[in-house]
Amino acid sequence: MKRKSSLELALKAVLDRKFETMLKIEKLNVSVGETQILKNLDLEIKAGEVHAIMGPNGTGKSTLANTIAGRSDYEVGSGSISFMGEDLLAKEPHERAAEGIFLGFQYPVEIPGVSNLNFLRTALNSQRRHRGEDDMSAAEFMKLVRAKADELGLKPEMLKRFVNVGFSGGEKKRNEMVQMAVLNPTLAVLDETDSGLDIDALKVVSDGINAQRRDDTAILLITHYQRLLDYVQPDFIHVMSGGKIVKSGDKSLALELEEEGYAAFEA
Amino acid sequence: MQHLKPEHIHSLEAQLEGVKGLLPEADDMRRFALERLKETGLPNKRDEDWRYMDLSDVAGKIHVSAGKPKNMPAFKGAAGISGRVTYLNGRHSEDLSMDAGIGQVATLSMLAQRLASDPDSVDGFAVGHDGIHLANTVLMSGGMALTVPEGIAIDQPLELEHVTSEADDHAVHLRHAIELKPGSSLTIIEYFRGDSSSYWNNVVSQIRLSKGAKLRHIRIIDEGAQATHTSRMFVDLDAGARYDSFTLGMGGKAARSDVTVRLMGADAFASIDGLSLGHAGQTLDTFVRMQHMVPGADSDQVHRTVLAAQATSAFQGRILVERDAQQTNADQSCKAILLDRSAEANAKPELEIYADDVKCSHGATVGELDDTALFYMLARGMDPQTAKGLLIKAFASESFARIDDQDILDLIEEKVDSWLARERVDG
């Protein structure tokens, strides 16, 4: 048998990864307290794909995002989530992050007393340690974070301020994107990252998201508005209603939603 | 109030004979204090001011400590100080003390020498009303007498160390007298540390700041795990004087830090800040009495407490603004974080205001670490111990926000880090 050349092996590896399932959610049921929010939700995301989930408020979009990240208020009744072939639900939130999941918060949290730099450097190095890597040197870190902040239109002095304290809504979302760029996740789950952004901020944030698009990463966008999807073109759009996905399609689904509204898809 | 048992009174009288020779000029004062002590007894939990601290086993160790410990405690010398005064089991230690220049510009002596050269100065001593203070008066073995002359600014800090070792069931009673003459300034870093013996450290300090004098006072109370610590300070400020104090309370089985500040001149300012870090079984008590006696003086108190499981703390802060003390600004903020529901933080702010043109604010909160902030950090990859540590440090740092000296900040941060490392705060 002819031995494969290194080029062929490399190509095969890329092709394999491109079609590799990254996130597989099967029959997921999630409650908050007494209220069941997600009902038998199924979703599959492959490496290299960008998925968007749209739907009215209260359908469980944020619940899905927070469940993937591991927030303890959300109780998984039954169902499974596998990430990179492993049982995600068995892992703690910080393990999920270190193993490649990033949640862009709908309402980024303010943390008085902890600077953005300290927060991000500590997070990055905690992740690196979990993965058995050395800490990033202070100099390398500063260079990286300044570059990313610059790309996202955040002034350097803002990095010295306390996490999100005194930041406008748009600045908080940009800050989320800086964190994403530095932490470089495999799966980015972005919960209404576009809400409250003016056109300039939207373009900058979209550039940040598009910079995360690679063959070995995937992005799950949760959004209300069609606007974002003009800039970050998804491979798949899903409509959520009543705690599950009721319709899936390609990016043309967004236009359909725009014209007909969500009522057409209600469960 | 717990009355002294007859055997304790006998012991006291015997011990009194033993210490008389150390400060002969204070003899009458000691006798007077002893008679008063027989009447007042020692405070216990039924006394309002002492309701959070259990002193029931202190009476048994009221007598003075034995001599030098066999093993000299390890010492970490600090660079950049003007001098160090070390007390080992209540006695001044020549070996561990040093003069790095302060002796040339200030008068630094032992209390015994001070009283010998100026017997009338004993009149300025506070005899005490409660049993703890009275016991100190009866049995004080000495202390530091420091006077910084007019206009002298000493840049490098003076270290005042109290080390107690191999002192099971023994007590240390020390009395310090510090005076800063007009326009002078100094930083004092005071340490309390000890081994695991069950000793009682009882220190009374009297501080007088004349016009325009400035004293920065950093106190690290890190007594041994079985120790009881009671420290009482009286600070008097004249016009334009400034007293900035920060106390880190983290050691001992039961530790109480009690400060009475009297603002006696216009433009005087006192800040009494503190951080209490409590672990299982500990009681950390802070008592502040801020007395505004004349117009135009300001004060501030910022206190933060972090308690691990089964720890107890109490902060009692009294602001008294007398009738004449118009244009007073007095603030107080005490906050506590409980890392576990089995911890107990008590806060008792009190405002007694008799003047009508004043601004006084006070706030007291007891809570837990912010869950949302915590999840944000976990979701970014920080493990729970690291995440909680960051939040705790951020909270604690509010108590030393006034300090800008990097060496002192490093010292405090090192202590906080060592506490965090010992406490598994992610539990």
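Residues numbered from 1 in each chain as written. Chains lettered and ligands numbered in written order. Predicted model: local features only at pLDDT ≥ 70, side-chain atom pairs only at ≥ 80, totals over all residues. Heavy atoms only, no water.

> Teacher, can you tell me more about the interface of chain A and chain B here?
It is common to give the size of an interface as the accessible area that goes away when the parts come together. The interface of chain A with chain B comprises 29 residues on the first partner and 16 residues on the second. Carbon and sulfur atoms supply 72% of the area buried between chain A and chain B, which totals about 1,800 Å² over both sides. On the chain A side of the interface with chain B, the three residues burying the most area are His94, Val109 and Phe119 of chain A, jointly 27% of the side's total. Between the two partners, chain A and chain B, sit one salt bridge. As a salt-bridge pair, Arg380 of chain B and Glu176 of chain A come within 2.9 Å of each other at their nearest N and O atoms. At the boundary of chain A and chain B, one finds seven residue pairs in polar contact (both at pLDDT 80 or more). (Contact = heavy atoms within 4.5 Å. Buried area = accessible area lost by both parts, 1.4 Å probe. Salt bridge = Lys/Arg side-chain N within 4 Å of Asp/Glu carboxyl O. Polar contact = N/O pair within 3.5 Å; in protein donor to acceptor, adjacent residues only side chain to side chain.)

> Even after reading the chapter, I still don't get the nonpolar core, so can you show me in this structure?
One recurring pattern in soluble globular proteins is that nonpolar side chains are buried together. Ile68, Ile111 and Leu221 of chain A are the most contacted members of the largest nonpolar core, which totals 113 residues. In this view, Leu221 of chain A contacts Val50, His51, Ala52, Ile53, Leu190, Ile209, Leu228, Leu229 and Val232 of chain A; residues no more than four positions away in its chain are not counted. Formed by 40 residues, the second largest nonpolar core is a distinct cluster that contains Leu146, Leu186, Tyr243 and Ile272 of chain B. (Core = buried A, V, L, I, M, F, W, Y, C linked by side-chain atoms within 4.5 Å. Buried < 20%, exposed > 50% of the residue type's maximum accessible area, 1.4 Å probe, protein only.)

> I would appreciate a short explanation of the sheet that holds strand S1 (residues 21-32) of chain A in the present structure.
Two pairing modes exist for strands in a sheet, parallel and antiparallel, and in both the strands are linked by backbone hydrogen bonds. All names here are of chain A. Taken together, the four strands give an open sheet; going across it, the order is S2-S1-S4-S5, and neighbouring strands pair in antiparallel fashion. Each having just a single partner strand, strand S2 (35-46) and strand S5 (86-87) make up the two edges of the open sheet. In this sheet, strand S4 (residues 74-83) lies alongside S1 in antiparallel orientation, the contact comprising eight bridges. Across the sheet, Ile25 pairs through a bridge with Ile81, a residue of S4. (Pairing = 2+ DSSP bridges. Helix = DSSP H or I, 4+ residues; strand = E, 2+ residues; numbered from the N terminus.)

> Any chance you could explain the pattern of salt bridges here in plain terms?
A pair can form between side chains of opposite charge whenever their charged atoms are brought close. With the rule as written, the count across this model stands at 36 salt bridges over all chains. Ionic pairing is found between Asp216 of chain A and Arg214 of chain A, a salt bridge with its closest N-O pair at 3.2 Å. Note on Asp216 of chain A: relative accessible area 31%, which makes it partly exposed. Residue classification places Arg214 of chain A among the partly exposed positions, given a relative accessible area of 33%. Taking the shortest distance from any N to any O, the salt bridge between Asp285 of chain B and Arg256 of chain B comes out at 3.1 Å. With Asp285 of chain B in strand S15 (residues 283-292) and Arg256 of chain B in strand S13 (residues 254-263), the pair connects residues that are 29 residues apart, well separated along the chain. Relative accessible area serves as the criterion here: at 1%, Arg256 of chain B is assigned to the buried category. Through salt bridges with shared partners, a single network forms among Asp130, Arg232, Arg256, Asp258, Asp285 and Arg289 of chain B.

> Can you help me understand the side chain of Lys348 of chain B in this one?
Residues and elements named next belong to chain B. Within the secondary structure, Lys348 is located in strand S19 (residues 344-353). The exposure class of Lys348 is buried, given its relative accessible area of 17%. What Lys348 contacts, discounting residues up to four positions off in sequence, is Glu48, Arg51, Phe315, Gln316 and Gly317.

> Looking at this structure, I do not really get the sheet that holds S15 of chain B. What am I missing?
Residues and elements named next belong to chain B. In space, the nine strands of this open sheet follow the order S4-S5-S7-S9-S11-S13-S15-S17-S19, with mixed pairing throughout. This sheet does not close on itself; its edge strands, each paired only once, are strand S4 (107-110) and S19. Across the sheet, the mean angle separating the axes of adjacent strands is 10° when strand polarity is ignored. Bridging between S13 and S15 involves 10 bridges; their strand directions are parallel. Each bridged residue has a counterpart across the sheet, and for Val261 the counterpart in S15 is Met290. (Axes fitted to C-alpha atoms, helices over the stretch in contact; angles between N-to-C directions.)

> Just checking my understanding: could you explain unusual backbone geometry for this structure?
Peptide bonds are trans in most cases, and residues, glycine excluded, mostly fall at negative phi. All names here are of chain B. Of note in the backbone geometry, Glu166 takes a positive phi value of approximately 50° without being a glycine. With respect to the element layout, Glu166 can be found in the loop between strand S6 (158-164) and strand S7 (171-180). The class of Glu166 is partly exposed, set by a relative accessible area of 37%.

> Looking at this structure, how should I read the packing of aromatic side chains?
We describe a pair of aromatic rings using the distance from one ring centre to the other and the angle between the two ring planes. Tallied over the entire structure, the rule returns four aromatic pairs over all chains. Through a chain of ring-to-ring contacts, three or more aromatic side chains come together here, namely Phe105 and Phe119 of chain A together with Phe375 and Tyr376 of chain B. Sitting above the plane of the Phe287 of chain B ring, Arg289 of chain B keeps its charged end 4.6 Å from the centroid. (Phe/Tyr/Trp six-rings, centres within 6.5 Å; stacked < 30°, edge-to-face > 60°. Lys NZ or Arg CZ within 6 Å of the ring centre and 35° of its normal.)

> Hey, could you run me through a negative patch on the surface in this one?
All names here are of chain A. On the surface, a cluster of negative charge is made up of Asp230, Glu256, Glu258, Glu259 and Glu260. By the element assignment, Glu260 lies in helix H10 (residues 252-260). Among the residues examined, Glu260 registers a relative accessible area of 47% and is labelled partly exposed. (Patch = residues over 30% accessible without salt bridge, like charges linked within 9 Å, V, L, I, M, F, W, Y side chains within 5 Å. Areas by Shrake-Rupley, 256 points an atom, 1.4 Å probe, with all protein chains shown as cover. Lys, Arg positive; Asp, Glu negative; His and termini not counted. Charge placed at Lys NZ, Arg CZ, Asp CG, Glu CD.)

> Sorry, what's going on with helix H2 (residues 61-69) of chain A here?
Counting along an α-helix, one turn takes 3.6 residues, and residues three or four places apart therefore face a common direction. Residue and element names in this part refer to chain A. Most of H2 is tucked away, with eight of its nine residues classed as buried. Lys61, Thr63, Leu64, Ala65, Asn66, Thr67, Ile68 and Ala69 are the residues of H2 that are buried. Taken from the residues just after H2, Gly70 is the one with a positive phi, measuring 100°.

> What is the right way to look at the pairing of strand S17 (residues 312-321) of chain B in this model?
Side chains on a regular strand alternate between the two faces of the sheet. All names here are of chain B. Burial within S17 is extensive, with eight of its 10 residues counted as buried. Looking at chain direction, S15 and S17 are connected through 10 bridges and run parallel. Its bridge partner lying in S17, Gln291 is registered against Leu320.

> Just to check I follow, could you spell out the packing of helix H1 (residues 6-20) of chain B against helix H2 (residues 27-40) of chain B for this structure?
In a pair of packed helices, the angle between the axes and the distance between the axes together describe the arrangement. All names here are of chain B. Where H1 contacts H2, the axes come no closer than 11 Å and their chain directions differ by 170°. In terms of orientation, H1 and H2 fall into the roughly antiparallel class. For the pair formed by H1 and H2, the contact residues are Ile9, Leu12, Glu13, Leu16, Glu17, Val19 and Lys20 on the first element and Asp27, Arg30, Arg31, Leu34, Leu37 and Lys38 on the second. Across the contact of H1 with H2, the residue classes tally to six nonpolar, no polar and seven charged. (Parallel < 35°, antiparallel > 145°, perpendicular 65-115°, else oblique. Nonpolar A, V, L, I, M, F, W, Y, C, P; charged D, E, K, R; others polar.)

> Just checking my understanding: could you explain helix H7 (residues 169-183) of chain A for this structure?
End to end, H7 of chain A covers 21 Å across 15 residues, agreeing with the expected 21 Å (1.5 Å per residue, within 8%). For H7 of chain A, the buried fraction is high: 12 of the 15 residues fall into the buried class. Taken together, the buried residues of H7 of chain A touch strand S6 (101-104), helix H4 (116-130), helix H5 (138-151), strand S9 (187-191) and helix H8 (199-211) of chain A together with helix H6 (371-379) of chain B. Positive backbone phi, approximately 50°, marks Asn184 of chain A, located one or two places after H7 of chain A. (Expected span 1.5 Å × (residues − 1).)

Shape is all these values report; function is a separate question.
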